[in-house]
Amino acid sequence: MSVPVLILRGGTSKGAYFLKSDLPDQDDERDDLLLSIMGSPDPRQIDGIGGGHPLTSKVAVISGSDDPDADVDYLFLQVQVDQPRVSAEQPCGNILAGVGPFAIERALVSASGDTTRVRVRMVNTGALATVHVPTSNGRPVYAGDTAISGVPGTAARLLVEFQDTAGSVAGSLLPTGNAVDDLDGTPATLIDNGMPVVVMTARSLGVTGYETPAQLEADGRLRRRIEELRLAAGKLMGLGDVSASTVPKMCLISPPAKGGALSTRMFIPHRVHTQIGVLAAVTVGTAVALPGSVASIDTNADAQGSTIRIEHPTGFTDVVIDLDAGTSAIVSTARLIMEGRVHPRLTEEGVISHG
C-alpha cells in the first residue's frame with residue numbers, strides 16, 4: 001500500500017500534502033493512516049516522514065471546492081509527534097503558503113501569467129484566503145530572491161492574503177468584548193484574527209522577553225504560570241477546557257530589539273516557537289493595530305494599514321493589517337521538496353499500524 005504525496009516547505013513549516021481523494025473518507029481511518037505515515041507516536045518519528053517537531057509534523061488535505069468564492073478546500077491537520085493524536089482544531093498559515101503551488105502542481109488550478117491567484121477555503125475555520133503564486137510556463141516558480149526569517153537562502157516571493165479571519169476559532173475578534181482583560185492579575189488581550197492568542201507583556205510574568213526558547217522552556221515556574229493563565233483564558237474566550245487543546249497560543253511581548261514594532265516569544269502552547277506562526281503573527285499584528293490593546297499600549301505604535309514588523313527569536317515576520325477593510329496579508333515563500341508515494345507502516349496482517 002502506498003499513497004501519493006508532495007512534501008513542500010510552506011513558510012517556516014514543512015508538511016505532507018495530499019489530495020483528499022487519495023485518503024480514506026472516514027476521519028478515524030484517515031487519522032490512523034496519517035499517524036502511520038508520519039511515524040507517530042515517537043519523539044523522533046523515526047519510522048515515518050515526520051521531522052520529530054510540531055513544525056515538521058503537519059499535513060494538508062486538499063480538494064477542489066464547491067464554494068463559489070474558492071478554488072480549493074484546504075484542511076490542516078496537526079499530527080502530534082509523541083501522542084497518537086491528529087488535530088483539526090486550528091488552521092496553519094505557513095502550510096497554507098504551499099497550498100497554492102500544490103493546487104497548480106496537481107492541476108486543481110491552471111496557472112495563468114506571471115502570478116496565479118489560488119483562492120483557498122480553510123476548512124478548519126471556513127475562512128477564505130488568496131495565495132498569489134509566481135508562475136511561468138504553467139508551473140509554479142520556486143526560485144527567487146525573497147528571504148524570510150527561519151528559512152535558509154531565498155525563494156520566489158509569495159503573497160498570502162487573508163479575509164474575514166476575525167473570530168475564526170473563538171467566534172469574534174475580541175471574544176470577551178474587551179481590548180484588555182484582567183487575567184488573574186495579569187493584563188492580557190484575548191484576540192482571534194485567524195488564531196486564538198493571549199497577548200501579555202513579558203515583564204508582567206517576570207521575564208525580559210528576550211530569552212531564547214530553550215531558556216523559557218527550562219523555566220518551570222514560568223511554564224506552570226503560563227499554563228494556568230492559558231486555562232483561564234480558554235474559558236473566557238469561549239473555548240471551554242483547553243487542557244488538551246493546542247489553542248489559545250500564549251504570546252509574551254516586549255519592546256523591539258531590532259527596529260520592529262515589538263518582540264515576541266510564542267508558546268504553542270507548551271513549546272516555545274523558534275519563529276511565530278503565520279496566523280499567530282496576523283493576530284498579534286492585529287493587536288498592535290488595535291487601539292487600547294496590551295500590544296498597542298506597550299508598543300505605542302499607530303500601525304493601522306501599515307507594515308508591522310514582528311520580531312521573533314530567529315528574525316522577523318512582516319504583516320499588513322487593515323482593520324476597516326477586514327484584510328491582512330503576509331509575505332512568504334514555499335518550495336516543492338519531494339513528489340512521490342509514501343508507504344505507511346503495516347502489521348504482518350497488512351493492517352495499518354501507528355504504534
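From a predicted model like this one, the values you see are computed outputs, not experimental measurements. In this numbering scheme, every chain counts its residues from 1 along its sequence in written order. Note on the predicted model: pLDDT of at least 70 is required for a residue's local features to be given, and 80 or more for side-chain atom pairs to be given and counted; whole-chain, interface and lining totals, by contrast, use all residues. Note that the side-chain values use all heavy atoms of the structure and ignore hydrogens as well as water.

## Remarks on the overall build of the chain
Note the cut-off: Every helix listed is a DSSP run of H or I at least four residues long, and every strand listed is a run of E at least two residues long, numbered separately from the N terminus. The buried label goes to any residue with under 20% of its type's maximum accessible area, the exposed label to any with over 50%, and the partly exposed label to all in between, with areas taken from a 1.4 Å probe on protein chains only. Residue contacts are defined here by distance: any two heavy atoms, one from each residue, within 4.5 Å place the two residues in contact. Per-residue and other accessible areas were derived by the Shrake-Rupley procedure at a 1.4 Å probe size, with only the shown protein chains allowed to occlude residues. Under the convention used here, Asp and Glu are negative, Lys and Arg are positive, and both His and the chain ends fall outside the count. Lysine's charge is taken at NZ, arginine's at CZ, aspartate's at CG and glutamate's at CD.
Counting its secondary structure elements, the chain contains six helices and 18 strands. Projected onto its principal axes, the C-alpha coordinates of the chain cover approximately 55 × 50 × 35 Å. Expressed as a percentage of its 355 residues, the buried residues of the chain come to 54%. Put simply, of all contacts in the chain between residues at least 6 apart along the chain, 61% involve residues at least 24 apart. When the accessible surface of the chain is totalled, it reaches about 14,400 Å², and 47% of it is carbon and sulfur. Here the chain holds 28 positive side-chain charges and 40 negative ones, and the gap between their average locations is 6 Å.

## Considering the domain arrangement of the chain
To be explicit about the condition: Throughout the structure description, domain borders are defined by an automatic or database domain assignment. Accessible area that two parts lose when put together, with a 1.4 Å probe and added across both, is what the buried area reports. Here, a salt bridge means any side-chain nitrogen of Lys or Arg that lies within 4 Å of a carboxyl oxygen of Asp or Glu. Polar contacts, as used here, are pairs of N or O atoms within 3.5 Å; protein pairs need one atom able to donate a hydrogen and one able to accept it. Residues neighboring in sequence count only if both atoms are side-chain atoms. Note on residue classes: Ala, Val, Leu, Ile, Met, Phe, Trp, Tyr, Cys and Pro are nonpolar, Asp, Glu, Lys and Arg are charged, and everything else, Gly too, is polar.
Partitioning the chain into domains gives domain 1 (3–164 + 334–342) and domain 2 (181–325). Each partner contributes to the interface: domain 1 provides 15 residues, whereas domain 2 provides 20 residues. Approximately 1,300 Å² of surface area, both sides summed, lies buried where domain 1 meets domain 2, with 55% of it carried by carbon and sulfur atoms. Summed over the three residues of domain 1 that lose the most area to domain 2, namely Leu-55, Gln-90 and Ser-149, the buried surface amounts to 34% of that side. Scanning the region where domain 1 abuts domain 2 turns up zero salt bridges. For the pair domain 1 and domain 2, the interface holds seven residue pairs in polar contact (both at pLDDT 80 or more). Classifying every residue of the side of domain 1 that touches domain 2 by side-chain character gives five nonpolar, eight polar and two charged.

## Some points on the pairing of strand 7 (residues 128–136)
As a reminder of what qualifies: Two strands form a pair only when DSSP identifies at least two bridges running between them.
Across the nine residues that make up strand 7, a large majority, seven, are buried. Where strand 6 (residues 115–122) folds back onto strand 7 in an antiparallel hairpin, the turn is made up of five residues, including Gly-126, whose phi is positive at roughly 85°. With five bridges joining them, strand 7 and strand 9 (residues 158–163) adopt antiparallel strand pairing. Within the sheet, the bridge partner assigned to Leu-128 lies in strand 9 and is Gln-163. Where strand 7 lies against strand 8 (residues 139–140), two bridges are found, and the strand directions are antiparallel. Within the sheet, the bridge partner assigned to Thr-135 lies in strand 8 and is Pro-140.

## Comments concerning the pattern of salt bridges
A side chain with one charge can pair with a side chain of the opposite charge if their charged atoms come near. This model, assessed by the stated rule, comprises 14 salt bridges. With its nearest N and O atoms 3.9 Å apart, the salt bridge here joins Arg-221 to Asp-219. Overall, Arg-221 belongs to the partly exposed group, its relative accessible area being 42%. With a relative accessible area of 23%, Asp-219 lands in the partly exposed category. In this structure, Arg-225 engages Glu-228 in a salt bridge whose closest nitrogen and oxygen atoms are separated by 3.3 Å. Here Arg-225 pairs with Glu-228, and both are found in helix 4 (residues 220–236), just three residues apart, close to one helical turn. For Glu-228, a relative accessible area of 47% translates into the label partly exposed.

## Brief notes about the packing of aromatic side chains
The condition is simple: Side-chain rings of Phe, Tyr and Trp, where Trp is taken by its six-membered ring, are said to pair if the distance between their centres is within 6.5 Å; with planes under 30 degrees apart they count as stacked, over 60 as edge-to-face, and otherwise as tilted. When the NZ atom of lysine or the CZ atom of arginine is within 6 Å of a ring's centre and also within 35 degrees of its normal, the charge is said to sit over that ring.
Taken as a whole, this structure holds one aromatic pair when the rule is applied. The lysine or arginine in question, Arg-309, covers the ring of Phe-316, its NZ or CZ lying 3.6 Å from the ring centre.

## Some thoughts on helix 4
Just so we agree on the cut-off: Expected helix span is given by 1.5 Å per residue-to-residue step, counting one fewer step than there are residues.
With 17 residues, helix 4 extends 25 Å between its outermost C-alpha atoms, agreeing within 8% with the 24 Å of an ideal straight helix rising 1.5 Å per residue. Burial in helix 4 covers these residues: Leu-222, Ile-226, Glu-227, Leu-229, Arg-230, Ala-233 and Gly-234. Residues of helix 4 that are buried make contact with strand 10 (181–183), strand 11 (186–192), strand 12 (196–201), helix 3 (213–217), strand 13 (249–254) and strand 14 (262–267). Of the residues flanking the start of helix 4, the one acting as N-cap is Asp-219, its side-chain oxygen 3.3 Å from the backbone nitrogen of Arg-221. One or two positions beyond helix 4, positive phi appears at Gly-238, with a value near 80°.

## Some points on unusual backbone geometry
Here the amide bond leading from Ser-40 into Pro-41 is cis, since omega sits at 5°, within 30 degrees of zero. Among the secondary structure elements, Pro-41 is positioned in the loop between helix 1 (27–38) and strand 3 (58–64). The backbone of Gln-45 shows a phi angle near 50°, a positive value even though the residue is not glycine. Mapped onto the elements, Gln-45 comes out in the loop between helix 1 and strand 3. Phi at Ala-107 takes a positive value of approximately 65°, unusual for a residue other than glycine. Turning to its location among the elements, Ala-107 is positioned in the loop between helix 2 (93–105) and strand 6.

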